[in-house]
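As a plain string of letters, each chain reads:
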Amino acid sequence: MKAPDFAYARPASLDEALALLAAHGGDAVPLAGGQSLITTLNMRLAAPALLVDLNAIPGLAGISEADGVVRIGAMTRHRDVGTDPLVRERLPLLAAALPHIAHPAIRNRGTIGGSVALADPATEWPACCLAGEATIVVRGPQAERRIAAENFFLGLYTTALEPGEIVTAVEFPVPGPDAVWGFEELSRRHGDYALAGLAATARRGAGGLTGVRLAFFGLADRPVLARAAAAAIEAGDVKGAQGALSGELDPPEDPALRPATRLHLARVILGRVAGRMLDKPAQDGVPHAV
Amino acid sequence: MSTDPGGLTFLDRPNSYIGRSVPRPNARRLLEGRGVYVDDVAMARLGHVAFLRSPHAHARILSLETGAARAMPGVIAVVTGRELAEVCTPWIGVLGHFKGLRSAPQHALAVDRVTWVGEPFCAVVARSRAEAEDALALIAVEFEPLPAVVDMETALDPGTPAIHPDLGDNLAFERVLDVGDVDAAFRDAACVVEETFRFGRHTGVCLEPRAIMADWAAADGMLTVHHSFQAPHMMQDILAKHLSLPEGAVRVICRDVGGSFGIKVHIYPDEMATCALALMLKRPVKFVADRLESFQSDIHARDHRVTARMAFSAEGDILAVDMDDLTGIGPYSVYPRTSAVEANQVVNLTGGPYRHRHYRARARVVLQNKAPTCQYRAVGHPIATMVAEGLVDLGAARLGLDPFAVRERNVIRDDAYPCAGVSGIKLETLSHQAALAKLKAMMDYEALRAEQAALRERGIHRGIGLAAFIEITNPSAAFYGVGGARISSQDGCTIRLDPQGGIVAAVSVTEQGQGTEAIIAQIVATATGVPIEKVRVISGDTQATPYGGGTWASRGAGIGGEAAWQAGKALRENVVAVAGAILQADPASLDVRGGAVVDAATGTERMPLAELGRIVYFRPDTLPPGVQPEFVATRHYVPKDYPFAFTNGVQASYVEVDPETGFVRLLKHWCVEDCGTVLNPLLVDEQIRGGIVQGIGGALFEHCLYDADGQLLNGSMADYLVPMAGEMPDIAVAHVVSPTASSEIGAKGAGEAGTAGAPAAVVNAINDALRPFGARVARQPVTPEVVLEALGLI
């Protein structure tokens, strides 16, 4: 299929982009890396009148650290997020997630802001945002808003973004020296959407794990923080944590996979991630595959 | 095998290219992006067609309102099924040798009724595809949904309505074979194993989708069709018949074709409609299937349920096989090859490597409201091989015997040929014993078993799977022609020597990326004595090549290659005859080597071909009286003594199963096969590897998923999982060489061996890994969910 006709604008500033979105209302959509939107257009699943291309706007891409926060510009490509030295040092969870994101060609174009704004429930960055207590920074016609990841992902392809708003950055607090993390994803083929995925963070002390955050993806209509399971992990009860998942996850109906299978796989990866976070003296090395 | 006057076989003729991994002559062009696929052919006044396809599995079309679409910008025409039927006659996909096979007339664009999701019923031709799609959205259709027959298991129930009421029920074809005394063999057996195997419906995913561009030049009275297709002469014949044109008014050109796998050898409604539209509109019209259309309307394959049992003696002799195959083929048997072939092959091939003399098989082919199925790479082979090999492994486990030893014990002995298989197939010469021996050494079977046992102690669950198989290649007219199909089983090659000593070879077999043209160039160069760099091959043009069947059923090298060999020999004889007259030498004392006429005994150059060409073409006045050079030679070939050249092989797979997740990791794969003379080891090995990967696709990944209403649920590359390099194992390939005596070159086909055996090898390996858990799988694709269900974990 071929995309229906649309108009295209390539604004040179964020204000100009916001003005275009405001002027065209629901007929306009922002274009970031295009890895989902262009497919949607070609399948004629969407027919926006105007694409507002964000790629020429200066300052939307790039990674920096200040005041205990790593700021990742929304237009930073997946590959650049996961290979950035600062990210690899401060946010190894993100680096671990990168090789699971689709394929190199997609990683080279797709952006973290686009992924967060799309909120596909089977993708990696939204779960990493939840696990890493990220803040999603958005700009609208009026002002900037800062939204905690926990309040941002509201449902299937649904976020707290208001019409006319654009994600400008994702900010992660720098984990402390006692921080540990875990990441596991099961997909049929390398790069496929997750059958079950887990991004986890915690602090490890003499008494075990505290501050456990288990962000599952591919297991509901949005990335899910499994709080009861996290509490069980903190209590050292991995089996209990696995059992708690049935009350916290709501695996989707899928023509290729039964919900019970996804739930089973979620329990398996929770066991593996928890085992590594509890037992290993040091974290796994950050993967080099990009 | 051919022998020269000097006692040389063609394999060791001086400057022979046979048996060498000569690079494909078209590889560089394709890698540089200079291929010419249908979509690359430029044409003035081109119209692009897009089709309105049924959203229902089965529905009556109550009304079709096209006025708004006709008024859209860029629209050239909107044509309904009824309008198109005035130009293109319907067809019925039946053949005489499948007794009782029934189907219904099928139109290029459905008239009144649609029978599967994706069936085209209205066309829009516009200046661009996008404009055509814009107009499609404005066609108003009123449907009356009809009951859909989706599940093949209930298609024959008395309460299930017949898709085609005139046929009375949904049984398209049934075949029963009963050889020996099956009941007695089972009664007396020491061990009987039984399994129900399910084979998911899948399809061949071509890099280049189906594509066709037709141009009707009224002034020439010529319909020129550029087509991504395997059998141009068949398409010419069928277009002439159904568009009511004389044969000579249709030219079909297949330039570069980006993969086919049997997908591009069938008659598709949308492609016929495109040609009819070109006639109606008197301008070129192009159709290129997009990926969703491909999944909805390319032929699918497999979709079989086989319940089978195998009887063994206590020592492990296979005594008998009894099987029942049910397959759903969609609403029509596909034209012109029919959709009965896969089930028929399952009956012919199951247990084919083995010596048992008692065999009963029933195959039932039923109609259903899903995309039509037809012949895809290794038609029936993966099913037949899985059924027999799965049962062999079950029997070996039950008897406590090594599965390798059971196969060694039961295969037809290498010295038993020629003979007939239990299903009646005629086998010229096979090499199961040699292949098993080679495989055993190659994979170091005993060491692998020891490794498997040691790892099991550590909780690592690996499995070894074996699959012996036979493959049908080099089909004669027995495949289709005897049933009345106008599909040529003979092929031809015309070779011309040009003045500078170069060769142009036109062949009726075709190239879709597998290297047919490379094989032909090797053979022609060897036969004529001209360096391969000076050989140009033309294929895929009904107006420029001899008449023939094209490339399918692993026939390009074995049949087209033999025609090229014979043509090359004939040209060489013509050349040395003329050279002898000029040189006043006995032609029998001369040969052509390295582009020059030489003394056959010493190799001493007597005359370069360029000099001969100069004389023959530009100074024929200087030739001795009575000498008339004929530097064009044509030969045709079809196998006559055997209906098919069967080949054989055996594959092995080594996998690791994660018993918690159900994930299967492919560690290593081996294949030993016997395609007779190996013309080009590189191409044969890559055919085998590619075939194995497609077999693994069916075993683990690929599945056309339909819901209970007949909706296709995964029509995209994100949801339909083709096998990808990252998940594939290393594949080791070796050969046993038993040339066929039917031809001089002795080559049999190699295109389907990989796909024939890979699924059984992989599934058997998975079951080998699962054996300590008392679990087994028998449903393909073997997804993690299938494994987890077998383990009782979900």
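From a predicted model like this one, the values you see are computed outputs, not experimental measurements.

Engineer: For this particular structure, what's the right way to read the overall build of chain A?
Structural biologist: Scanning chain A from terminus to terminus reveals twelve helices and 14 strands. Taking 290 residues into account, the globule formula puts the C-alpha radius of gyration at 19 Å, and chain A, at 19 Å, falls close to it. Along the three orthogonal principal directions, the C-alpha set of chain A runs to about 55 × 45 × 35 Å. Looking at chain A as a whole, 47% of its 290 residues are labelled buried. Counted over contacts in chain A with a minimum sequence separation of 6, partners at least 24 positions apart contribute 62%.

Engineer: Please explain the UniProt feature "domain: Aldehyde oxidase/xanthine dehydrogenase a/b hammerhead" (unreviewed entry) in chain B as it appears in this structure.
Structural biologist: Sites flagged by UniProt as "domain: Aldehyde oxidase/xanthine dehydrogenase a/b hammerhead" (unreviewed entry) map to residues 32-147 of chain B. Here residues 32-147 of chain B runs as 14% helix and 30% strand, with 51 Å between its end C-alpha atoms.

Engineer: Any chance you could explain the UniProt feature "domain: FAD-binding PCMH-type" (unreviewed entry) in chain A here in plain terms?
Structural biologist: UniProt annotation of "domain: FAD-binding PCMH-type" (unreviewed entry) refers to residues 1-177 of chain A when read in the numbering used here. When the span residues 1-177 of chain A is considered, its composition is 34% helix and 24% strand, and the gap between its end C-alpha atoms is 52 Å.

Engineer: Looking at this structure, how should I read the domain arrangement of chain A?
Structural biologist: Interface size is commonly expressed as the accessible surface area that is lost when the partners come together. Residue and element names in this part refer to chain A. In terms of domain boundaries, chain A breaks down into domain 1 (7-53), domain 2 (63-173) and domain 3 (180-279). In this structure, domain 2 and domain 3 have C-alpha centres spaced 20 Å apart. Contact with domain 2, which involves 23 residues of that partner, is made by 20 residues of domain 3. Only α5 (92-97), α8 (124-131) and β8 (153-155) provide two or more residues apiece to the side of domain 2 that touches domain 3. The element that contributes the greatest number of residues to the side of domain 2 that touches domain 3 is α8, accounting for six residues. Of the residues that constitute the side of domain 2 that touches domain 3, the class distribution is 16 nonpolar, five polar and two charged.

Engineer: Is there a simple way to think about the interface of chain B and chain A in this case?
Structural biologist: Contact with chain B, which involves 22 residues of that partner, is made by 16 residues of chain A. Among the secondary structure elements, those contributing two or more residues to the side of chain B that touches chain A are α4 (129-136) and α19 (784-791) of chain B. Element by element, the count of residues in the side of chain B that touches chain A is highest for α4 of chain B, at four residues. Each residue belonging to the side of chain B that touches chain A can be placed in one class, and the counts come to eleven nonpolar, three polar and eight charged.

Engineer: When you look at the environment of Val411 of chain B in this model, what are you seeing that I'm missing?
Structural biologist: Residues and elements named next belong to chain B. Within the secondary structure, Val411 is located in the loop between α11 (403-410) and β16 (419-420). Taking the C-beta count within 10 Å as the criterion, Val411 has 22 such neighbours and is therefore assigned buried. Along the backbone, Val411 and Ala361 are 50 residues apart, and their C-alpha atoms lie at a distance of 20 Å. The contact partners of Val411, leaving out residues within four places of it in the chain, are Pro353, Tyr354, His432, Gln433, Leu436 and Ala468.

Engineer: Is there a simple way to think about the sheet that holds strand β5 (residues 69-73) of chain A in this case?
Structural biologist: Two modes of strand pairing occur in sheets, parallel and antiparallel, and in both the strands are linked by backbone hydrogen bonds. All names here are of chain A. Strands sit in the order β4-β5-β10-β6-β7 across an open sheet of five strands; the sheet is antiparallel. With one partner strand each, in any of the chains shown, β4 (63-66) and β7 (144-148) form the two edges of the open sheet. Taking each pair of neighbouring strands and ignoring which way they run, the sheet shows an average axis angle of 25°. Inspection of the sheet shows β4 paired to β5 by four bridges, in the antiparallel sense. Residue pairing in the sheet places Ile63 in a bridge with Ile72 of β5.

Engineer: Where do I start with the confidence of the model for chain A in this structure?
Structural biologist: In the predicted model, chain A carries a mean pLDDT of 95, and 96% of its residues have values of at least 70. Low pLDDT (under 50) marks residues 282-290 of chain A, which in the prediction has 16 contacts with non-local residues, meaning those over four places away or in another chain.

Engineer: What is the right way to read the environment of Leu279 of chain B from this model?
Structural biologist: Residue and element names in this part refer to chain B. Tracing the sequence through the fold places Leu279 in helix α7 (residues 269-281). Sequence-wise, Leu279 and Ser431 are 152 residues apart; in three dimensions their C-alpha atoms are separated by 53 Å. Sequence-distant contacts of Leu279, defined by excluding residues within four places in its chain, comprise Val87, Trp216, Leu223 and Leu243.

Engineer: Which parts of the structure should I look at to understand the confidence of the model for chain B?
Structural biologist: In low-pLDDT segments, the atomic positions of the prediction should not be examined closely. On average, chain B scores 97 in pLDDT, and the residues at 70 or more come to 99%. Across the interface, the model reports ipTM at 0.96; the global pTM reads 0.97.

Engineer: In this structure, what is going on with helix α16 (residues 609-618) of chain B? I would like to understand it.
Structural biologist: Owing to its 3.6 residues per turn, the α-helix brings residues three or four apart onto one side. When we look at burial in α16 of chain B, the residues that qualify are Leu609, Leu612 and Val616 of chain B. When α16 of chain B is viewed along its axis, its buried side chains cluster within an angular range of 60° and face the same direction.

Engineer: Can you walk me through the pairing of strand β12 (residues 285-288) of chain B in this structure?
Structural biologist: For a regular strand, side chains alternate in direction, first toward one face of the sheet and then toward the other. Residues and elements named next belong to chain B. The side-chain alternation of β12 yields two buried faces, one formed by Val285 and Phe287 and the other by Lys286 and Val288. Both strand β1 (residues 47-53) and β12 contribute to a ladder of two bridges, which runs parallel. The partner of Gly47 across the bridge, within β12, is Val285.

The rules behind these values
Residues numbered from 1 in each chain as written. Chains lettered and ligands numbered in written order. Predicted model: local features only at pLDDT ≥ 70, side-chain atom pairs only at ≥ 80, totals over all residues. Helix = DSSP H or I, 4+ residues; strand = E, 2+ residues; numbered from the N terminus. Rg over C-alpha atoms; globule rule 2.2 N^0.38 Å. Buried ≥ 20, exposed ≤ 12 C-beta atoms within 10 Å, placed from the backbone. Contact = placed C-beta atoms within 7 Å. UniProt positions renumbered as here; feature names shortened; annotations may be inferred. Domains from an automatic or database assignment. Nonpolar A, V, L, I, M, F, W, Y, C, P; charged D, E, K, R; others polar. Pairing = 2+ DSSP bridges. Axes fitted to C-alpha atoms, helices over the stretch in contact; angles between N-to-C directions. pLDDT = per-residue confidence, 0-100. Arc of directions from axis to C-beta.

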